[in-house]
Amino acid sequence: MEGSHSVTEIVAHVVWSTASRERVLDPSRDEWLMRHVEIAAAKRDARVIALGAAWDHVHCLMLWPPTVALAEVLQRIKGSTARLWNVDRDVTTKLVWQAGYWARSVDPTDLGAIARYVANQRRHHATPQPPEDWELARFGTP
């Protein structure tokens, strides 16, 4: 049929952490991390909607095409950010990501609330918090 096409909205809230939950993600590097996660995601045709880091993990709300596996997008993001971080002369601590990640699909109508939660990770983790769903899942244990 002329003019027919597919429309997809595949959105996920994804979390990955540093190896052994090492506290290496200094807040002064948040802008750098955001920029390089966005670049790496774009290379797999994915788009970052929101990103937020804590000292030892990253939350990312992203949209990606059905032609690419989420695992491919995360492999690109984690690999390129660690490589670039570790050759940066301004960095004194090495970045190694833990194997694996946690992901949950997100209803596109809930994007606003989830994006705010993701973007506010520094504030969220400024006080002790009970374990979150992704932590209880015990992904990628070293």
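Please refer to the structure higher up on the page.
Once a new chain begins, its residue numbering starts again from 1 and follows that chain's sequence as written. Totals for whole chains, interfaces and linings use every residue, but because this is a predicted model, local features are given only for residues with pLDDT of at least 70 and side-chain atom pairs only at 80 or more, for both listing and counting. The basis for every side-chain value is the complete set of heavy atoms in the structure, and neither hydrogens nor water enter the calculation.

So, on to the sheet that holds strand S4 (residues 102-105). The antiparallel open sheet is built from 4 strands, whose spatial order is S2-S3-S1-S4. Two strands bound the open sheet, and with one partner strand each, they are strand S2 (47-53) and S4. Sheet twist, expressed as the average angle between the axes of neighbouring strands with direction ignored, equals 15 degrees. Criterion used throughout: strands pair if DSSP finds at least two bridges between them. Here a helix means four or more residues in a row that DSSP labels H or I, a strand means two or more in a row labelled E, and each is numbered from the N terminus. Direction of pairing for strand S1 (residues 10-17) relative to S4: antiparallel, over a ladder of 4 bridges. The residue of S4 that forms the bridge with valine 14 is alanine 103. Most of the contacts of helix H2 (residues 70-87) go to strand S3 (residues 57-64), to which it runs at about 135 degrees, and overall it touches S1, S3 and S4. Here the axes come from fitting lines to C-alpha atoms, over the contacting stretch only for helices, and the angles between their N-to-C directions go from 0 to 180 degrees. Contacts are residue-level and defined by heavy atoms, with any inter-residue pair within 4.5 Å sufficient.

Before going further, it helps to examine the side chain of histidine 13. On the secondary structure map, histidine 13 appears in strand S1. Accessibility here uses a 1.4 Å probe with only protein chains present; expressed as a share of the type maximum, an area under 20% marks a residue as buried, one over 50% as exposed, and anything in between as partly exposed. Take histidine 13: its relative accessible area is 10%, and that puts it in the buried class. Reaching out from histidine 13, the side chain makes a polar contact with the side chain of histidine 59 at a distance of 2.8 Å. Setting aside chain neighbours within four positions, we find histidine 13 in contact with His59, Cys60, Leu61, Trp102, Ala103, Arg104, Val106, Ile114, Tyr117 and Val118. Pairs of N or O atoms within 3.5 Å make up the polar contacts considered here, provided that, within protein, one atom can donate a hydrogen while the other can accept it, and that residues adjacent in sequence are counted only when both atoms are side-chain atoms.

Let us now look at the side chain of histidine 59. Locating histidine 59 in the fold gives a position in strand S3. For histidine 59, a relative accessible area of 0% corresponds to the buried category. Within the structure, the side chain of histidine 59 is placed 3.3 Å from the side chain of histidine 57, a separation counted as a polar contact. In this structure histidine 59 touches His13, Val14, Val15, Ala50, Leu51, Gly52, Tyr117, Val118, Gln121, Glu132 and Trp134, once residues within four positions along its chain are discounted.

Our focus in this paragraph is the pairing of S3. Taking burial as the measure, the 8 residues of S3 include 7 buried ones, the bulk of the element. When S1 meets S3, the two strands line up antiparallel, connected through 8 bridges. Of the residues in S3, the one forming a bridge with histidine 13 is leucine 61. Relative to S3, S2 runs antiparallel, the two sharing 6 bridges. Across the sheet, residue alanine 53 finds its bridge partner in S3, namely valine 58. What sits between S2 and S3 in their antiparallel hairpin is a turn of 3 residues.

We count a salt bridge whenever a side-chain nitrogen from Lys or Arg sits within 4 Å of a carboxyl oxygen from Asp or Glu. The tally for this structure, following the rule as stated, stands at 6 salt bridges. One salt bridge connects aspartate 88 with arginine 29, and the closest N-O pair in it is separated by 3.1 Å. With aspartate 88 in the loop between H2 and S4 and arginine 29 in the loop between S1 and helix H1 (30-42), this residue pair connects regions lying 59 residues apart in the sequence. Judged by relative accessible area, which is 13%, arginine 29 ranks as buried. Among the charged side chains, a network of salt bridges with common partners joins Arg21, Asp56 and Glu135.

Looking now at the environment of alanine 69. Relative to the assigned elements, alanine 69 resides in the loop between S3 and H2. Alanine 69 sits in the partly exposed class, given a relative accessible area of 38%. Taking the C-alpha atoms as reference points, alanine 69 and arginine 44, 25 residues apart in sequence, are found 9.3 Å from one another.

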